[in-house]
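# Residue-level structure breakdown
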Amino acid sequence: MVVRIDRVLHLLAPVAPRGLRLPIDFFFRALADDQKDRSIGVILSGMGSDGTLGLRAIKEQAGAVFVQAPASAKYDAMPRSVIDAGLADVVAPVEELAAKVVAYQAHAPRAAKPELPLAGKTQSAIEKVCVLLRSQTGHDFSLYKRSTVYRRIERRMALHQLDSIASYVRFLQESSQEAQLLFKELLIGVTSFFRDPDAWEHLRKKAIPELLLERPGGGALRAWVPGCSTGEEAYSLAIVFKEALAQVTPAKSFSLQIFATDLDKDSIDKARQGLYPENIAGDVSAERLRRFFVKGDHGYQVGKEIRETIIFAPQNLIMDPPFTRLDILSCRNLLIYLAPELQKKLLPLFHYGLNPGGILFLGNAETIGGAADLFAPLIGKTRIYRRREIGLRTEPVEFPASFFPGQPREAEASSAQPAARSSAQNLQSLADQLLLSRLSPAAVLTNDKGDILYVSGRIGKYLEPAAGKANWNIYAMAREGLRYELGAAFQKALREKSHVTHRGVRVATDAGEQTVDIAIEAIQEPPALRGMAMIVFTDVPTPTEAKPTPSATKTAAAPSALARKDLELRQAHEELQTTREEMQTSQEELRSANEELQSTNEELQSTNEELTTSKEEMQSLNEELQTVNHELQTKVDELSRTNNDMRNLLDSTDIATLFLDDALNVRRFTAQMSKIIKLRSSDVGRPLSELASDLDYPGLGEDAREVLRTLSAKESPIITHDDRWFSVRIMPYRTLDNRIDGVVITFVDITAAKKLEATLRQDAAPEAKT
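This section reports on the structure supplied with the text. Please read all numbers here as calculations on a predicted model, not as lab measurements.

Attention shifts here to the pairing of strand E25 (residues 740-749). Sheet analysis places strand E21 (residues 656-660) next to E25, joined by five bridges and oriented antiparallel. Bridge pairing in E25 places Leu660 opposite Val743. Where strand E24 (residues 725-734) hands over to E25, the hairpin turn is made up of five residues, of which Asn738 adopts a positive phi near 65°.

Below you can see the structure in the form of C-alpha cells.
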C-alpha cells in the first residue's frame, strides 16, 4: 500500500515473488513522505515488528505515533517493538486510542507551513524553551534551526492539547519529565541501515577503493560518525568498508576503527548492543544479513567482527573536541537541523579532523555551502567530498597580485589574453611606459616600519645599501644629509596619516651635493595598501651663492672678533652635525634591537601556535581515550552482569557442569563439580586427562573428542567408585557467531532412579520364577 501525491491509497504488486513482506513499514514510509508532519501512525495488536521502521520515518517528519497498550493486545509483539524502540507518543487501550487521535488532531498544525520568519513572541518563547532545556539537560539548542525547534514544540503541544506556546513554556517549567521528552524529540534520532542506497553504493564502489589505492602500504584507517543515533549508520559504514576491501583485494592489510558518537546516551546503549528487529530485512539485503548478522530470538544482532570495529560513546559535537587524523567522516542528516552559522563552524572543524584526501559523507539534503575551498565534491550527485589540502579562494582577492607569489603575475596573466589588440591600446601602453621610465620621479613604497616593498625609478642618488647584512630599510639606506629629515618626515606622515613635504634637503651624492624635495604620504586607499607609505624624491636646482661685493670685502676686513664668532658658529655646526650622526647611529641600533625583538616575538608567537595546536591535539587524544575508556568500562560492566547471571543460573540448577576448550582444557566449572572431579580454582587451564575423578569413565576424553569431531551430543549413564550414578551429557560449545569452541559436560545425579530401578528388578525376580 502506498499514498501518492493525489492523497489516494494505491495497491502495488510486490517486487519480489516471495520472502519477508513488510507492508506496514512500506505504507508508513509512504505516508510520511506524502503527509509530512500531518501523518499519524497507529499500531494495534499483531505479531512481529512490522511497522517499527516506518514509524521512524513518521517521527522524522514530526508526525505522531499512537500505540495500543500491550496488556490489552491479544498479540503484543508489534506494540512492544514500537515502545522498546522509543517511538511511541501515546500508549493506551484500544478503546481510548480513537478519542486521543481526535484530540491530537484538534490541536495539531492544520497544514505543513513553509519556513517563514517566526513572530516576535514566538521567538521569545522558543528562547525561553532553549534556556529551560539548557538548565535541565545541560545541552544548548539555541543554534538549532528555529523552524525545526518550533515544529517539535508544536507536536508536543498537540500531544498535551495546549493551544499556545506560552502555555507550553509554563508546562515545561513545571515538568522535568517533559524537558527530557522534548530533549529526546529534538535529537531526532531517526536512522536506518544503508539510507539512500545509491550514495552507499558510490561509497563502496568508488570512494573507499580510491582511498585504499592511495595508501599502498596498508594500515589502520580511522572514521568518525557523529550523531550516530542507534548505530545503523556506523554499522553500515563498517559493512561497506568490508565489502570494498574484498572488492579491491589490496596487497597490504587494512583495518578500520570507527568512532560513533551521539548526544543521547540511551541511543548509544542500544547501538552498543547491535540488536535490531527482523524487519531490517527491508533495508538490508539477504546476502548482508547472512554475512554480517546473527539471527536470534528477538531479531538480528550485528556480528562480532563488525561490532569490534566500532567504539560508541556519548559526545556533544558542538562543545567537545573533535576526533582527528580521520580518513572518513560520515555526518549524514545532522547539518540540516542546525542553523547556518553553526554549519559554518562545523565544516572547518571537519576539515581540521580529516587527513589530506579524507572522505566527508553527507546526507542527500546537505551540502558544504560556502566551504568549497575546504572540500571537493566527487563526480555524481552523491554528497561525498574529498578534503582539499589547500583552500581555493572563490571570492575576488583584494590584495595586489605581487603580494601572493603563488598567483600569476599581471604580465603572465595578460599574455594569456588574445594576442590581437587595437593599435590605440598599444599606443596608450607605450606612452604610459615612456612616462613612467623618463618623466616620473623616483619613489619607493614602504611598510609602516620603513622596509621597502616596491621601487619605481632610479633611487641610487638618495638611497644606497648599507655595508654588512642586507637591510632594505630606508633608515639604513638613506644617504648623508637625508637621514634626519627623511626619518622625521616619515614618522610625522604616519602619525598624522597625511601628506608631508620637506623641501630643499641637500643630499651628498657621488657627484657632489644634490638638492631634493621629499614628499611622503601615508596611504589610506585602496584598502590593500592601507598602512603603507609612499616616498617620492624630486630633484630641484641648488641655490647659487651670491658674488662678493665691495661692501663684502670691507666686511672681510672687519675686526678679528667677528672672525672668531664665525669660527665658533662653524664649530657649533660641526658639533650639531656630530650629534645628529650619533643620534642616527643610536636610532639604527634601536631599530636593530627592535627588529631582533620583533623576530623574537614572531618566534614566540610561532611557538605559541605550535603549543596551541599540540593542546588541541592532546584534547582530541584525551577525548578519544575517554571514549575508549567509557566503552571498555561499559563492556566490563556488561561482562560482569552476564557473568553474575550465568553463575546464579548454573548454581540454581544444582547440576554439575564442566566447560572445556577445544584442547579439552578446563575453562570453567560449577561448585557441584568438585563432588565428582577433584577440582579447584587453580585447575583452570589443566587438561582433562590430568584430573582425579570418582567416575568409572575412562573413555570420557575420547567421547569428548568424538563430540568435537561429529558435533553430535552424546549421553550415557556412568557409575562412580562410591556407587553414585550420573547421566553424563557431552555437547559442543557454540559461540554466538556459530563457532565451535570446546565442549560442555553436564552431570545429572540419577542415583535415586538407579536404586529404584534395582529395587523394582529385585521385586520382579521372584514373581518371574513363580
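More follows now that the structure is in view.
Now for the side chain of Asn333. Mapped onto the elements of the fold, Asn333 is located in the loop between strand E12 (326-331) and helix H14 (340-353). For Asn333, a relative accessible area of 16% gives the class buried. Those residues in contact with Asn333 that sit more than four places away from it in its chain are Arg195, Gly363, Asn364 and Glu366.

Here the focus is the packing of aromatic side chains. Going through the model one piece at a time under the given rule, you end up with 19 aromatic pairs. Ring centres of Tyr235 and Tyr276 lie 6.2 Å apart, and the angle between their planes is 80°; this geometry places the pair in the edge-to-face category. Taken together, the positions of Tyr235 in helix H10 (residues 232-248) and Tyr276 in strand E8 (residues 275-276) put the pair 41 residues apart, joining distant regions of the chain. Of the two residues, Tyr235 and Tyr276, both sit in the buried class. Over the ring of Tyr300 we find Lys295, and its NZ or CZ is 5.6 Å from the ring centre. Here the basic side chain of Arg667 rests over the ring of Tyr733, its NZ or CZ set 5.1 Å away from the ring centre.

Spatial ordering of the open sheet is given by E8-E10-E9, a layout of three strands whose pairing is antiparallel. Each end of this open sheet is capped by a strand with a single partner; those strands are E8 and strand E9 (293-296). The sheet contact formed by E8 and strand E10 (residues 299-302) spans two bridges and is antiparallel. Bridged to Tyr276 within E10 is Tyr300.

Looking now at empty space enclosed by the protein. One pass over the full model with this rule turns up two cavities of 30 Å³ or more. The calculated volume of the second largest cavity comes to roughly 40 Å³. In terms of lining, the second largest cavity is formed by Tyr484, Arg580, Met583, Gln584 and Gln587. The element that contributes the greatest number of residues to the lining of the second largest cavity is helix H20 (residues 560-653), accounting for four residues. Here the lining of the second largest cavity is composed, by residue class, of two nonpolar, two polar and one charged.

This part is about the sheet that holds strand E4 (residues 64-68). Taken in spatial order, the three strands make up an open sheet running E3-E4-E5, and their pairing is parallel. Each of the sheet's edge strands pairs with one partner strand only, and the pair in question is strand E3 (40-43) and strand E5 (90-92). Adjacent strand axes in the sheet meet at a mean angle of 15°, parallel and antiparallel pairs treated alike. Bridge count between E3 and E4: four bridges; the pairing is parallel. Counterpart to Ile43 in the pairing with E4 is Val67. Packing against the sheet, helix H3 (residues 77-84) makes contact with E3, E4 and E5, and its axis sits at approximately 135° to E4.

Rules used throughout
- Residues numbered from 1 in each chain as written.
- Predicted model: local features only at pLDDT ≥ 70, side-chain atom pairs only at ≥ 80, totals over all residues.
- Heavy atoms only, no water.
- Pairing = 2+ DSSP bridges.
- Helix = DSSP H or I, 4+ residues; strand = E, 2+ residues; numbered from the N terminus.
- Buried < 20%, exposed > 50% of the residue type's maximum accessible area, 1.4 Å probe, protein only.
- Contact = heavy atoms within 4.5 Å.
- Phe/Tyr/Trp six-rings, centres within 6.5 Å; stacked < 30°, edge-to-face > 60°.
- Lys NZ or Arg CZ within 6 Å of the ring centre and 35° of its normal.
- 1 Å grid on protein atoms, 1.4 Å probe; cavity = no way out; pocket = protein on both sides within 12 Å on 5 of 7 lines; lining within 4 Å.
- Points joined across faces, edges and corners; volume = space filled by probe spheres on them.
- Nonpolar A, V, L, I, M, F, W, Y, C, P; charged D, E, K, R; others polar.
- Axes fitted to C-alpha atoms, helices over the stretch in contact; angles between N-to-C directions.

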